[in-house]
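Tertiary structure, described
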Amino acid sequence: MSTEAPVNSSNRIKNFLIAIVAIALGVALFLGLKTDSTSVSLGELGKTAIPLEVAVSNGKPSLVEFYADWCTVCQKMTPDMAKLREKYNNNLNFVMLNVDNTKWLPEMLKYRVDGIPHFVFLGKQGETIAETIGDIPRTIMASNLEALIAGSTLPHIQGNGKTSQFSAPVATEGNQDDPRSHGSQVVN
């Protein structure tokens, strides 16, 4: 019987130490996650962004980001965008437009937003310089922003070119050469 008591005591000490280590690891993990979550969120970036109306009229170039809170790529880019905003905020407007807000539907149509994040680079007078869609590494985005601020060609984006005005001809009845007729004939 005397041999069982030391074994029991040894197990209790071992279990106690395991419990202490588990609690310490749990606290460390909790604090680690908590400090990581204090970084800027996508929602905070959106709330503190320059309003579009101000950006197109204050004489500074702008970066407009179309985003959504549920967009995983937008969320992934948030820390980089926050750092870029901190670095270039004095020389550049950062505008964030949430595609889930129907208020921005005219802008979504204007810039043909069909994927997010969708970035629009605007010149000092609010004119469109270039657009791009998707995940952009911070160094690439920084190079483009520096060029935008300097008023030079963006190195990593093809700019929008000028387009010709197109007016579709009005089909006259019986005109079988009209491509919109799809081969059908008009019967009089």
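Everything numeric here is computed off the predicted structure, so don't read it as measured data.

Things to note about the nonpolar core
- Formed by 40 residues in total, the largest nonpolar core has its most connected members in Phe66, Met81, Phe121, Met141 and Leu145.
- Every element with two or more residues in this core is listed here: helix H2 (42-47), helix H3 (52-55), strand E1 (62-67), helix H4 (72-88), strand E2 (93-98), strand E3 (118-122) and helix H6 (138-150).
- When residues of this core are assigned to their parent elements, the largest contribution, six residues, is made by H4.
- For Leu145, the residues in contact, after removing those within four places along its chain, are Leu63, Leu84, Tyr88, Leu92, Phe94 and Phe121.

Some thoughts on the confidence of the model for the protein
- Counting all residues, the mean pLDDT for the protein is 80, and 74% of those residues have values of 70 or more.
- Taken together, the stretch residues 34-38 has pLDDT below 50 and engages in zero contacts with residues farther than four places along the chain or on a different chain.
- The model gives residues 159-169 a pLDDT under 50, and that stretch makes eight contacts with residues more than four places away or in other chains.

Points about the sheet that holds E2
- Judged by pairing direction, the sheet is mixed, and its four strands sit side by side in the order E2-E1-E3-E4 without closing on themselves. Each edge of the open sheet carries a strand with a single partner, namely E2 and strand E4 (128-133). In this sheet, neighbouring strand axes are inclined to one another by 15° on average, regardless of whether the strands run parallel or antiparallel.
- Pairing of E3 with E4 involves five bridges; the strand directions are antiparallel. The partner of Val120 across the bridge, within E4, is Glu131.

Re the pairing of E1
- Along E1, six of the six residues are buried, which leaves the element largely enclosed by surrounding structure.
- Taking every second residue as pointing to the same face, both faces of E1 are buried, with Ser62, Val64 and Phe66 on one and Leu63, Glu65 and Tyr67 on the other.
- Examined bridge by bridge, E1 and E2 share six bridges and lie parallel to one another. Each bridged residue has a counterpart across the sheet, and for Ser62 the counterpart in E2 is Asn93.
- In the classification by handedness, the crossover that spans E1, the intervening H4 and the parallel E2 is right-handed.
- The pairing of E1 with E3 spans five bridges and is antiparallel. Bridge pairing links Glu65 to Phe119 in E3.

Looking at the pattern of salt bridges
- Across all of its chains, the model carries two salt bridges by this definition.
- The residue Lys76 makes a salt bridge to Asp135 at a minimum N-O spacing of 2.7 Å. Of this pair, Lys76 sits in helix H4 while Asp135 sits in the loop between E4 and H6; the two residues are 59 residues apart in sequence, bridging distant segments of the chain.
- Since its relative accessible area comes to 39%, Asp135 is described here as partly exposed.
- Measuring nitrogen to oxygen at the nearest pair gives 3.8 Å for the salt bridge that ties Asp80 to Arg138. Remark: Arg138 occurs in helix H6 and Asp80 occurs in helix H4; sequence separation between them is 58 residues.
- On the basis of relative accessibility, which here comes to 33%, the residue Arg138 falls in the partly exposed class.

Rules behind the numbers
Residues numbered from 1 in each chain as written. Predicted model: local features only at pLDDT ≥ 70, side-chain atom pairs only at ≥ 80, totals over all residues. Heavy atoms only, no water. Core = buried A, V, L, I, M, F, W, Y, C linked by side-chain atoms within 4.5 Å. Buried < 20%, exposed > 50% of the residue type's maximum accessible area, 1.4 Å probe, protein only. Helix = DSSP H or I, 4+ residues; strand = E, 2+ residues; numbered from the N terminus. Contact = heavy atoms within 4.5 Å. pLDDT = per-residue confidence, 0-100. Pairing = 2+ DSSP bridges. Axes fitted to C-alpha atoms, helices over the stretch in contact; angles between N-to-C directions. Right-handed = clockwise from strand over helix to strand, strands pointing away. Salt bridge = Lys/Arg side-chain N within 4 Å of Asp/Glu carboxyl O.

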